[in-house]
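Structural features, examined
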Amino acid sequence: MNSIEKKRCPFMEKCYRKNPIHFGEMSHPHLEELLVDQLDGTIEIPEVLSFVCNDRSQLLDQLKVLQMVLRKERDKNGVNQLPVTASSSSKTQISSITKGSSLLDAKEGLKEKVERHKKAILQKRQDKLKQMDSVTEALSKGGLSSKERANSKSIKAKKRNQEAAIAGSSVTKKMRQMSIESSNRTEDSQQNMSDRQSSSTSSEQSSGASIMNMYDSCDSEKSRKEVRKRAIQMMRRSGYVVSVVEPGEFAIKYAFSAPYHLFFTRVENSKETYNQQFSITFPEILDRSLGEIVNSLHLNFMVDVGWLCLQYLLAGQRTDMLILYGDRVDREKLNSNITMIEVDMPSRFGCHHTKIMILQYKDNGIRVIVSTANLYSDDWENRTQGLWISPHLPLLSESANPSDGESPTGFKRDLERYLSKYRHPALTQWIWAVRKANFSEVNVFLLASVPGTHKDNEADFWGHRKLAHVLSRHATLPPDAPQWPIVAQSSSIGSLGPNFESWLSKDIIPCMSRETTKGLKSHPHFQFIYPSIQNYKQSFDFRNLSCCLPYSVQVHSKQKWIESYLYQWKAKRTGRDRAMPHIKSYTRISPDMKSIPWFVLTSANLSKAAWGVQRNNHYIMSYEAGVIFIPKFITGTTTFPIEDEEDPAVPVFPIPYDLPLCRYESSDSPFVSEFLSSLGRIIPGHSVYCD
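Residues numbered from 1 in each chain as written. Predicted model: local features only at pLDDT ≥ 70, side-chain atom pairs only at ≥ 80, totals over all residues. Heavy atoms only, no water.

1. Let's talk about the environment of M302
Positionally, M302 belongs in strand 6 (residues 302-303). Here M302 falls in the buried class, since its relative accessible area comes to 4%. Distance in space between the C-alpha atoms of M302 and G326 is 6.1 Å, their sequence separation being 24 residues. (Helix = DSSP H or I, 4+ residues; strand = E, 2+ residues; numbered from the N terminus. Buried < 20%, exposed > 50% of the residue type's maximum accessible area, 1.4 Å probe, protein only.)

2. Focus: helix 11 (residues 221-237)
If you check helix 11, its first and last C-alpha atoms are 25 Å apart, about what 17 residues at 1.5 Å a residue would give, namely 24 Å. Residues S223, R224, V227, R228, R230, A231, I232, M234, M235 and R236 constitute the buried set of helix 11. Of the residues one or two after helix 11, G239 is the one with positive phi, at around 95 degrees. (Expected span 1.5 Å × (residues − 1).)

3. Overview of the UniProt feature "binding site: substrate" (unreviewed entry) in the chain
Here, the residues flagged by UniProt with the feature "binding site: substrate" (unreviewed entry) are K355 and K584. The annotated residues occupy 230 residues of the chain but converge on a single region, no pair of C-alpha atoms lying more than 11.9 Å apart. Along the chain, the position of K355 falls in the loop between strand 9 (338-342) and strand 10 (356-361). Note that K584 resides in strand 20 (residues 584-588). Of note is the side chain of K584, whose polar atom sits 2.8 Å from the backbone oxygen of H582. (UniProt positions renumbered as here; feature names shortened; annotations may be inferred. Polar contact = N/O pair within 3.5 Å; in protein donor to acceptor, adjacent residues only side chain to side chain.)

4. Quick word on the packing of helix 11 against helix 14 (residues 305-315)
Axis separation between helix 11 and helix 14 bottoms out at 8 Å; the angle between their running directions is 120 degrees. Between helix 11 and helix 14, the angle is such that the two are oblique. Note that helix 11 runs across helix 14; the crossing there is left-handed. Together, R228, A231, I232 and M235 of helix 11 and L310, L313, L314 and A315 of helix 14 make up the contact between the two elements. Of the residues in the contact of helix 11 with helix 14, the class split is 7 nonpolar, no polar and 1 charged. (Axes fitted to C-alpha atoms, helices over the stretch in contact; angles between N-to-C directions. Parallel < 35°, antiparallel > 145°, perpendicular 65-115°, else oblique. Left-handed = near helix turned anticlockwise from the far one by under 90°. Contact = heavy atoms within 4.5 Å. Nonpolar A, V, L, I, M, F, W, Y, C, P; charged D, E, K, R; others polar.)

5. Description of the pattern of salt bridges
Pairing is possible between side chains that carry opposite charge, provided their charged atoms lie close to one another. A full pass over the atoms with the stated rule returns 18 salt bridges. Between E284 and K253 there is a salt bridge, and its shortest N-O distance comes to 3.1 Å. In this pair, E284 sits in helix 13 (residues 282-285) while K253 sits in helix 12 (residues 250-256), placing the two residues 31 residues apart along the sequence. The class for K253 is buried, based on a relative accessible area of 16%. Between D414 and K466 there is a salt bridge whose closest N-O contact spans 2.7 Å. Taken together, the positions of D414 in helix 15 (residues 411-420) and K466 in helix 17 (residues 463-474) put the pair 52 residues apart, joining distant regions of the chain. The pair formed by D414 and K466 is uniform in burial state, with each residue classed as buried. Each of R413, D414, R417 and K466 takes part in salt bridges that share partners, so that together they form one network. (Salt bridge = Lys/Arg side-chain N within 4 Å of Asp/Glu carboxyl O.)

6. What about the side chain of H618?
Its place among the elements puts H618 in strand 24 (residues 618-620). At 3.2 Å, the side chain of H618 and the backbone oxygen of W462 are in polar contact. Ignoring sequence-local partners within four residues, the contact set of H618 consists of G452, T453, H454, A459, W462, G463, H464, R465, W611, G612 and V613.

7. Considering the pairing of strand 16 (residues 486-489)
For a regular strand, side chains alternate in direction, first toward one face of the sheet and then toward the other. In strand 16, alternate side chains face the same way, and those of I486 and A488 on one face and V487 and Q489 on the other are all buried. Where strand 16 meets strand 20, 4 bridges bridge the pair, whose relative direction is antiparallel. Residue pairing across strands places A488 opposite Y586, the latter belonging to strand 20. (Pairing = 2+ DSSP bridges.)

8. A few points about the environment of G626
Relative to the assigned elements, G626 resides in strand 25 (residues 624-629). Looking at G626, the relative accessible area reads 0%, which means it is buried. Taking C-alpha positions, G626 is 7.0 Å from V600, a pair spaced 26 residues apart along the chain. Those residues within four positions of G626 in sequence are excluded, and the remaining contacts are V370, F445, L446, L447, L601 and T602.

9. What to know about the packing of helix 17 against helix 18 (residues 504-512)
One can describe the packing of helix 17 onto helix 18 by two numbers: an axis separation of 8 Å at closest approach and a directional angle of 30 degrees. Regarding the angle of helix 17 to helix 18, the classification is roughly parallel. Of the two possible hands of crossing, helix 17 and helix 18 adopt the one that is left-handed. Along the contact surface, helix 17 presents H464, L467, A468 and L471, while helix 18 presents D507, I508, C511 and M512. Taken together, the residues of the contact of helix 17 with helix 18 sort by class into 6 nonpolar, 1 polar and 1 charged.

10. A closer look at the sheet that holds strand 20
With mixed pairing, 7 strands are arranged side by side in an open sheet as 14-25-22-20-16-17-18. Strands with a single pairing partner mark the edges of an open sheet, and in this sheet they are strand 14 (445-449) and strand 18 (566-567). Relative to strand 14, helix 15 is tilted by about 20 degrees, and along the sheet it contacts strand 14 and strand 25.

11. Things to note about the confidence of the model for the chain
In this model, the chain carries a mean pLDDT of 81, and residues with pLDDT of at least 70 account for 77%. Across residues 176-209, confidence stays below pLDDT 50; counting only partners more than four residues off in sequence or on other chains, it has 39 contacts. (pLDDT = per-residue confidence, 0-100.)

12. Quick word on the pairing of strand 20
Burial analysis of strand 20 places 5 of its 5 residues in the buried class, the great majority of the element. Every second residue of strand 20 is oriented toward a common face, with K584, Y586 and R588 on one face and S585 and T587 on the other, all of them buried. Of the strand pairs in this sheet, strand 20 and strand 22 (residues 599-602) are connected by 4 bridges, and their pairing is antiparallel. Considered in strand 22, the bridge of T587 is made with F599.

13. Here's the deal with the packing of aromatic side chains
By the definition in use, this model includes 32 aromatic pairs. Look at W388 and F411: their rings are 5.4 Å apart centre to centre, the planes differ by 45 degrees, and that puts the pair in the tilted class. Placement of the pair is W388 in strand 13 (residues 386-389) and F411 in helix 15, with a sequence separation of 23 residues. Between Y418 and Y623 the ring centres are 6.4 Å apart and the planes differ by 90 degrees, which places this aromatic pair in the edge-to-face class. Residue Y418 is found in helix 15, and its partner Y623 is found in the loop between strand 24 and strand 25; the two are separated by 205 residues along the sequence. Put simply, the rings of F500, F526, F528, Y530, Y551, W561 and Y565 pair up and form one aromatic cluster. When the ring centre of Y274 is taken as reference, the NZ or CZ atom of R266 above it lies at 4.0 Å. Positioned above the aromatic ring of F461 is the side chain of R417, whose terminal nitrogen or guanidinium carbon lies 3.6 Å from the ring centre. (Phe/Tyr/Trp six-rings, centres within 6.5 Å; stacked < 30°, edge-to-face > 60°. Lys NZ or Arg CZ within 6 Å of the ring centre and 35° of its normal.)

Structure below.
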């Protein structure tokens, strides 16, 4: 159906794939014929088909994905390049396409304006950053003058106040200061008067109520859109950088992320990350093309509620939510639609480090997001973060049993078990939401940790024991498996013991060496990616005087043996070389660096508190959450390709760092948090322990 010639899928009518990339590269005439005159709207399947179809629900799923692919190709080619097979379509359809094209033009006009504004703001920021160049230069020469230190502190304090991330006021307070009153600028007075007449929140406006309060009171999508537009205008006038991805288009990007549904956060200062298929901003997670959100659950470590509410505003979604957190970084008064609960930790050495979202939609379906990012601005601007986003998980029928709708990987059971471990009444409704949802489309395993001593079979539910349990049943490696190194990558390092044998080779290496093939094998090499001081000095975090690497010199002094296993953070291929990795990932890589047998994305750093330690029983101190990608359940193969292969049916798995790995320079060393404090760079009220 596309003007570009495609190779016909060799599986023809027996093709079972639902991958947009596969449909974008291969032709499926039997499906394309069914979509003639059906590129928009609901798809209807004829009673009689020209081919054998044993599963009409699978056919419908394939058609929905293909519909999005062909519609995107049509919009990209324009009205004058309609798909050949659609040339006989009616004038009504052509009119519809023309209308869509004009809407696209309007969007492009808006994007051009936004881009001009962003360039102007960027220039202002670059001017400020130039003032910091002398700091970097002096650092490379071995020191800073007292004047330069004072200047760096001043710049940092100003940035913190402006962006309202941690020290000082929050985003909510900043927006409260931007209340709509009759004393607004004269150039906007006429528009404001019209807005006040058309808005149901006029009484709040006249009393100077905050934008967020106005937004929370909106009871319709239309009113939320109006307040959202006004808020963006006001924030830009006040100098607040608002990077807008227009709502309503993420569903297509999500479909193209199949079958992995793995994303990395867009990097504000790296333009090449803006248009990547796997880049994401927070409002896109909430995008209304995925459904209208009526309630949400956030389980996280650090939370700025004002910033979080702003993301819902930018997405045009409701802000009703329950938040379980470890550390709150704002002090704003909460509206009644937000409930916050601090998680009580049984050990002072553990923390509530999990980063999970569950979104509930108007149709009572849910979506689960497992992330590596905290809920405050710095983590979503110029750092490398990873996210896995589940498909829409529809509500089971009333006649279904709670055990129905399970994932082939047991994800539903594991998530319900994890939420129950909190033993908090506020989570009861979310446990029921999980229990009543259909998880059959989920193709990854949940890998979680909860504090406590875990005995007998329960030990296999949590931490490194859970990973070993999954790998021993489902991971398949070739006979040369010992030559496939384990590659770990995290943003902090725990206290690992006096030598490699204390914990890594005793618990972690055996766990990550497990596979379905039994028998004695030598352990693979261990390679660990952790940013060096030189990595940090070249990063956006250094230029912004912030940090997400809470590894201390005190801990490192007791385990300098780890330096033999360290590799730098390099990510030029994805435009994230200067975006410090707050992401945590674990995998094994083939000697030719072309494939991996499994991949873990998780909140868990390389530490005993996160993964657990094997004493008489399995002991864990922190809450953590991640996902395990196993090829058998996702691509039907034994490995994932990590570079372009000839087989278009198996997409490349997106590895966040560059290969081959790069060892530290002889003069370099791992980053430690004292590197900042030694330069007088820790701002009062801002802890570097922000992991």
